[in-house]
Amino acid sequence: MALVLMLAAAPVASQESRDARSARAKSLELNTPYVPPPGDALEHHAAGFAKIMCSAVFITGLDPDFAAENVGFFTGPYEQRAKFGKPIIDRAVKAVHITLPNGARRTARYLGDQGCVTLPVGKDSVNFTPVRVRSKLPAPPTQPWPMGDALPQEPLPAALDAAKVKQAVGAAFEPAEAMTAAFVVTWRGRLIGERYGEGITARTPLESWSMGKSLTAALMGILIKEGVYDLSQPAPIPEWRSPGDPRSKIRIADLLRMSSGLRIRAPQDPDYDPSGPYPDHVYLYTGSVNAFHYAATRPLQWPPGTVGRYRNTDPVLINYLVRLAVEKRGEEYLSFPQRALFDKIGIRTMVMETDPYGNFLLQGYELASGRDWARLGNLYLQDGVWNGERILPEGYVKFVSTPAPAWVADGRPIYGAFFWLNGEGSFPVPKDAYYMAGSGTQVALIIPSHELVVVRLGHYRGGAYGFQSLSNALAVLMEAVPGRK
């Protein structure tokens, strides 16, 4: 069940396709060792569960019993939760403790604007000083959408079928088992439909998972526009500077395209064996280590740019490059996204969580409201321009929404650069669509041909049902909204 939910927002290949990809990868494989992550798998599951509960309770505001049953199965698998004691919610210090069968305990603590962070074993604090991140934006009710939350009062444009828009919004919440928490639709930038689940509002930060990879792409895009980096340059990772290190040939574009070739184990690998060692892909969330350094010290499995694999090393390392660039300029890192991006496009609810060393884990540890994901989606829909200001470099949106060559070589033209592509028609919308996607069917879909952005967020347990309800809603929307002429 957990694997189904994990993959619910991404295309699932046939066994024949997986076998072919495995064979091709084997023919290109380099003779390097695989060293599994240290530590005990159950301990890592407990760390993940503690963080999930902490975020659900102290950021989203969910009831602890509801959260334990329904959210975040990716790093805290549901079937493992029964092995632990009941989560201890310490509201005085804003922490969550999970007790293992041997009496050991894992703790996640809420640190304000850095969200919830899992503490290292035996530690009661983190290795960085939390930072208050302040938005310079006025209160959202005082500004019109999209910079604020004040919506226009006039009826929807006549070009839209308002009844079908309403029908589509309703379809996104059926059946109840989908546990849809937020559904937001914009057309030509205008918010034309939205609805929220029980206890959720237009400003509730919700689990978003790997949608954060597309946010990471935007942060890198900003630095590229500023001339700090170039897509074609070798990624200047400090751990790769030794003479003759083959990883020094990995380009920034290879990392963005999930084609670095670094050797780890990830649940989306075509030959993944769940009975094997704990996957590094998940350890980068739960290990309570310096995630940037861990990712940077993995060896090459394939020559860079030859094999496409959905592995968290690549977005982690792009975030590493972001931190290196920001701090080299003498700027404060943890507030960089707010001042460089969020304040420019009206985002106020995004909570980006870190490892214990203050490194953003934007491969999936971030929470935001449906409206804020719609704002980010509209930045991409508008070719990286907002209110007349170019935020992302020219050609960058085309880059992220074009099939990555290594994925094409694998017979899967479904991934661009930290965006999934609708090239094989996973959703009932035109094939020019591309989307942010996170485990449990967290989706922000950009449909250029119809000038639409569609956001669906939901509680993790409902992910499989949510995929179908989202597909049903999209099919109705295609009847409600005209294509671009």
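Values in this document were obtained by computation on a predicted structure and should not be read as measured data.

**Concerning the side chain of Asp 269**
Phase 1: Topologically, Asp 269 is positioned in the loop between helix H8 (252–256) and helix H9 (280–286).
Phase 2: According to the relative accessible area criterion, Asp 269 is buried, its value standing at 8%.
Phase 3: Excluding its chain neighbours within four sequence positions, the residues that come into contact with Asp 269 are Ile 264, Arg 309 and Arg 311.

**Remarks on the packing of helix H7 (residues 211–225) against helix H11 (residues 313–328)**
Phase 1: At a minimum axis separation of 10 Å, H7 and H11 run at an interaxial angle of 35 degrees. Every pair of crossing elements has a handedness; the one defined by H7 and H11 is left-handed. On H11, the residues touching Lys 213, Thr 216, Leu 219, Met 220 and Leu 223 of H7 are Pro 315, Ile 318, Asn 319, Leu 321, Val 322 and Ala 325.
Phase 2: Among the residues making up the contact of H7 with H11, the classes are represented as 8 nonpolar, 2 polar and 1 charged.

**Quick word on unusual backbone geometry**
Excluding glycine, residues mostly have negative phi values, and the peptide bonds linking residues are mostly trans.
Phase 1: The step from Trp 145 to Pro 146 runs through a cis peptide bond, and the omega angle for that step is 10 degrees.
Phase 2: With respect to the element layout, Pro 146 can be found in the loop between strand S4 (116–118) and helix H6 (162–171).
Phase 3: With an omega of -5 degrees, the peptide bond running from Glu 174 to Pro 175 counts as cis.
Phase 4: Phi at Ser 288 is positive, roughly 55 degrees, even though this residue is not glycine.
Phase 5: In this structure, Ser 288 sits in the loop between H9 and helix H10 (291–296).
Phase 6: Overall, Ser 288 belongs to the buried group, its relative accessible area being 9%.

**Here's the deal with the nonpolar core**
A general tendency of soluble globular proteins is for nonpolar side chains to be buried together.
Phase 1: Within the largest apolar cluster, 155 residues are counted, with the highest numbers of intra-cluster contacts made by Leu 215, Leu 256, Leu 341, Trp 373, Leu 376, Tyr 380 and Leu 445.
Phase 2: Ranked by the residues each element gives to this core, the list is headed by helix H3 (residues 41–60), at 10 residues.

**Quick word on the confidence of the model for the protein chain**
Phase 1: Residues with a pLDDT of 70 or more make up 98% of the protein chain, whose mean pLDDT is 96.
Phase 2: Every residue in residues 1–7 scores below 50 in pLDDT, and together they form 20 contacts with partners more than four places removed in sequence or on other chains.

**Overview of the sheet that holds strand S1 (residues 88–90)**
Phase 1: With antiparallel pairing, the 4 strands of this open sheet are ordered in space as S1-S2-S3-S4. Each end of this open sheet is capped by a strand with a single partner; those strands are S1 and S4. Taken over all neighbouring pairs, the strand axes of this sheet differ in orientation by 20 degrees on average, direction set aside.
Phase 2: As paired elements, S1 and strand S2 (residues 95–99) share 3 bridges and run antiparallel to each other.

**A look at the pairing of strand S13 (residues 434–438)**
Each regular strand shows side chains that alternate between the opposite faces of the sheet.
Phase 1: Burial within S13 is extensive, with 5 of its 5 residues counted as buried.
Phase 2: Alternating positions in S13 separate into two faces, Tyr 434, Met 436 and Gly 438 on one and Tyr 435 and Ala 437 on the other, with burial throughout.
Phase 3: Pairing of strand S12 (residues 420–421) with S13 involves 2 bridges; the strand directions are antiparallel. Across the sheet, the residue bridging to Leu 421 is Tyr 434, located in S13.
Phase 4: Of the pairings in the sheet, the one linking S13 to strand S14 (residues 442–447) comprises 5 bridges and is antiparallel in character. Each residue of the ladder has a partner; that of Met 436, found in S14, is Ala 444.
Phase 5: Counting the residues that bridge the hairpin from S13 to S14 gives 3 residues, and of these Gly 440 lies at a positive phi of roughly 85 degrees.

Definitions and limits used
Residues numbered from 1 in each chain as written. Predicted model: local features only at pLDDT ≥ 70, side-chain atom pairs only at ≥ 80, totals over all residues. Heavy atoms only, no water. Helix = DSSP H or I, 4+ residues; strand = E, 2+ residues; numbered from the N terminus. Buried < 20%, exposed > 50% of the residue type's maximum accessible area, 1.4 Å probe, protein only. Contact = heavy atoms within 4.5 Å. Axes fitted to C-alpha atoms, helices over the stretch in contact; angles between N-to-C directions. Left-handed = near helix turned anticlockwise from the far one by under 90°. Nonpolar A, V, L, I, M, F, W, Y, C, P; charged D, E, K, R; others polar. Core = buried A, V, L, I, M, F, W, Y, C linked by side-chain atoms within 4.5 Å. pLDDT = per-residue confidence, 0-100. Pairing = 2+ DSSP bridges.

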